[in-house]
Amino acid sequence: MRHFRLFLLLLLPFLQSCITEDLPADTRHGNFEALWQTLDRHYCFFEEKNEAYGLDWNEVHARYAPRISENMTNRQFFEVLAEMTYELRDGHVNLYAAHDVARYGRWFDDYPANFSDSLERKYLGRSEEYRIASGLKYRVLSDNIGYIRCASFENTFGDGNLQEMMVSLALCDGLIVDVRDNGGGMLTAAEKLASLFVNETCTGGYIRHKTGPGHQEFSEPRPIRISPFQGLRWQKPVAILTNRRTYSAANSFVMYLKGLPEVTVVGDRTGGGAGMPFSSELPGGWAVRFSACPMSDRTDRSTETGIDPDVKTDITAADYARSIDTIIETARQLLRNPKPTAPR
């Protein structure tokens, strides 16, 4: 036993050198390499981005590495690293420092807003005219169309809350679910809301997990199953309203339901964000968040770049000036004159 302990003591310095050898140092260059390598080994959409716009992650390294200097200030260094993350064109990729958060926003900044808080207030009415259940605002509009405003999936929805909401809207001729400007949250919340619109367990999409450092090393696709709500469910036409800020878990909510017989997606293309995010820390303490597990729809097609609506509609300037939400009005018209569908 004494000889074994002596062997371990002699071996320890060599083990330590092997462990630390692969870890980038807490220098400007070390932190740059740590960020690039972390994304290289764990980010999940390299092949898709390469096909979409020719992203070459090695070329990105070659282009940004010469810009790194040990004499850079924190803010200068952060700016270069942020620009490198923007090469991924992914709203789930964020770099966190004490003074700022790097975020890629062209997936919505370059498009019409197609949502307005003031128009939302007009359709919901005064505070006493609409109800709130688990963060969902809802009411019956003047033409007997139900309206649900879902601004976030940050919190889950209680079964009792959903049941009471369904009872209140049960006599409506159609239903609008507005997920515009919903930046996401918990997938379980998106699945729970989607469960109101299915009568049997179905596949809403698929998810894969990274199994190695290679850009294409993933597990086999695992189905995401949507089970029917154990209470009153919606059986009539429903319109889901979307815009470019419908993102992440909200994008998944649309993915789960698009294509079902009674569902029509109205508005603009969603923002996408079909990767489950993962976080890591750089040697200097800054954190990075990025897409690590890709999701796809029930046909196994990626929705990372968004989901097209069934009926493309923008809020027109003329309607906005008259306090009219063109997207809501288009949905109301469709619901008042639904196309015949096969029974579910």
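Anything mentioned here points back to the structure above.
Keep in mind the model is a prediction, meaning the values are calculated, not measured.

Draft legend 1. Main features of the packing of helix H2 (residues 28–42) against helix H4 (residues 57–64). Remark: H2 packs on H4, axes separated minimally by 11 Å, with the N-to-C direction vectors making an angle of 170°. On the basis of their axis angle, the class for H2 and H4 is roughly antiparallel. In contact with Phe 32, Glu 33, Trp 36, Leu 39 and Asp 40 of H2, H4 contributes Trp 57, Asn 58, His 61 and Tyr 64. Here the contact of H2 with H4 is composed, by residue class, of five nonpolar, two polar and two charged.

Draft legend 2. Quick look at the side chain of Arg 28. Mapped onto the elements of the fold, Arg 28 is located in helix H2. For the buried Arg 28, which has no salt bridge, the nearest side chain bearing the opposite charge is Glu 70, at an N-O separation of 5.5 Å. Of note is the side chain of Arg 28, whose polar atom sits 3.1 Å from the side chain of Asn 74. Contacts of Arg 28, omitting those with residues within four sequence positions, involve Ile 68, Ser 69, Glu 70, Met 72, Thr 73, Asn 74 and Phe 77.

Draft legend 3. Looking closely at the packing of aromatic side chains. According to the stated counting rule, one finds 12 aromatic pairs in the structure shown. Plain terms: the ring middles of Phe 46 and Trp 57 are 5.4 Å apart, the flat faces sit at 45° to each other, and that makes the pair tilted. A residue pair is termed long-range when its members are at least 10 positions apart, and Phe 46 in helix H3 (residues 46–53) and Trp 57 in helix H4 qualify at 11 residues. Just as Phe 46 is buried, Trp 57 falls in that class too.

Draft legend 4. The pattern of salt bridges, seen in detail. Within this structure, the stated rule accounts for 23 salt bridges. Across the salt bridge formed by Arg 180 and Asp 178, the nearest N and O atoms sit 2.8 Å from each other. We note that Arg 180, like Asp 178, is buried. When the shortest N-O distance is used, the salt bridge between Asp 310 and Lys 258 registers 3.9 Å.

Draft legend 5. Local environment of the nonpolar core. Counting residues in hydrophobic clusters, the biggest one holds 77 residues, and the most contacted among them are Phe 153, Leu 193, Phe 253 and Leu 257. At seven residues, helix H10 (residues 249–257) tops the list of elements feeding residues into this core. Once you skip the residues sitting within four places of it in the chain, Phe 253 turns out to touch Phe 153, Val 177, Val 179, Ala 190, Leu 193, Ala 194, Phe 197 and Ile 240. Ranked by size, the runner-up nonpolar core spans 16 residues in total, among them Leu 119, Ile 176, Ile 327 and Ile 328.

Draft legend 6. Broad picture of the state of the cysteines. All told, the structure shown has zero disulfides when counted by the stated rule. Free of any disulfide, Cys 44 has its nearest cysteine sulfur in Cys 293, 6.8 Å distant. Of the residues examined, Cys 44 reaches a relative accessible area of 6% and is grouped as buried. Between Cys 172, a cysteine without a disulfide, and Cys 150, which holds the nearest cysteine sulfur, the sulfur-to-sulfur distance is 17 Å.

Draft legend 7. How the structure looks around the sheet that holds strand E5 (residues 145–149). Spatially, E3-E4-E5-E6-E9-E10-E13 is the arrangement adopted by the seven strands of the open sheet, whose pairing is mixed. Looking at the sheet topology across the chains shown, the edges are occupied by strand E3 (131–133) and strand E13 (311–312). Inspection of the sheet shows strand E4 (residues 136–140) paired to E5 by four bridges, in the antiparallel sense. Within the sheet, the bridge partner assigned to Tyr 138 lies in E5 and is Ile 148. This element, H10, spans strand E6 (174–178), strand E9 (238–242) and strand E10 (263–267) of the sheet and lies at about 150° to E9. Packed onto the sheet, helix H12 (residues 326–336) meets E5, E6, E9, E10 and E13 and runs at close to 155° relative to E6.

Draft legend 8. How the structure looks around helix H8 (residues 159–169). Along H8, the residues that are buried comprise Leu 162, Met 165, Met 166 and Leu 169. Viewed along the axis of H8, the buried residues span an arc of 100°, placing them on a single side of the element. Summarising the contacts, the buried residues of H8 are in contact with E4, E5, E6 and helix H9 (187–194).

Draft legend 9. Structural view of the pairing of E4. Pairing analysis gives three bridges linking E3 to E4, with the strands arranged antiparallel. Among the inter-strand pairings, Arg 131 is bridged to a residue of E4, identified as Tyr 138. The antiparallel hairpin formed by E3 and E4 contains two residues in its connecting segment, where Ser 134 sits at a positive phi of about 55°. With antiparallel pairing between neighbouring strands as the criterion, E4 and E5 make up a hairpin whose turn holds four residues, including Asn 144 at a positive phi of roughly 65°.

Draft legend 10. View of unusual backbone geometry. The phi dihedral of Arg 89 falls on the positive side, at around 50°, and the residue is not glycine. With respect to the secondary-structure elements, Arg 89 resides in the loop between helix H5 (74–86) and strand E1 (94–96). Positive phi values are uncommon outside glycine, yet Asn 144 reaches one of about 65°. Structurally, Asn 144 can be placed in the loop between E4 and E5.

Draft legend 11. A look at the side chain of Thr 270. Here Thr 270 is to be found in the loop between E10 and strand E11 (275–281). For Thr 270, the side chain forms a polar contact with the side chain of Asn 251, separated by 2.6 Å.

Rules and cut-offs
Residues numbered from 1 in each chain as written. Predicted model: local features only at pLDDT ≥ 70, side-chain atom pairs only at ≥ 80, totals over all residues. Heavy atoms only, no water. Axes fitted to C-alpha atoms, helices over the stretch in contact; angles between N-to-C directions. Helix = DSSP H or I, 4+ residues; strand = E, 2+ residues; numbered from the N terminus. Parallel < 35°, antiparallel > 145°, perpendicular 65-115°, else oblique. Contact = heavy atoms within 4.5 Å. Nonpolar A, V, L, I, M, F, W, Y, C, P; charged D, E, K, R; others polar. Buried < 20%, exposed > 50% of the residue type's maximum accessible area, 1.4 Å probe, protein only. Lys, Arg positive; Asp, Glu negative; His and termini not counted. Salt bridge = Lys/Arg side-chain N within 4 Å of Asp/Glu carboxyl O. Polar contact = N/O pair within 3.5 Å; in protein donor to acceptor, adjacent residues only side chain to side chain. Phe/Tyr/Trp six-rings, centres within 6.5 Å; stacked < 30°, edge-to-face > 60°. Core = buried A, V, L, I, M, F, W, Y, C linked by side-chain atoms within 4.5 Å. Disulfide = S-S within 2.5 Å. Pairing = 2+ DSSP bridges. Arc of directions from axis to C-beta.

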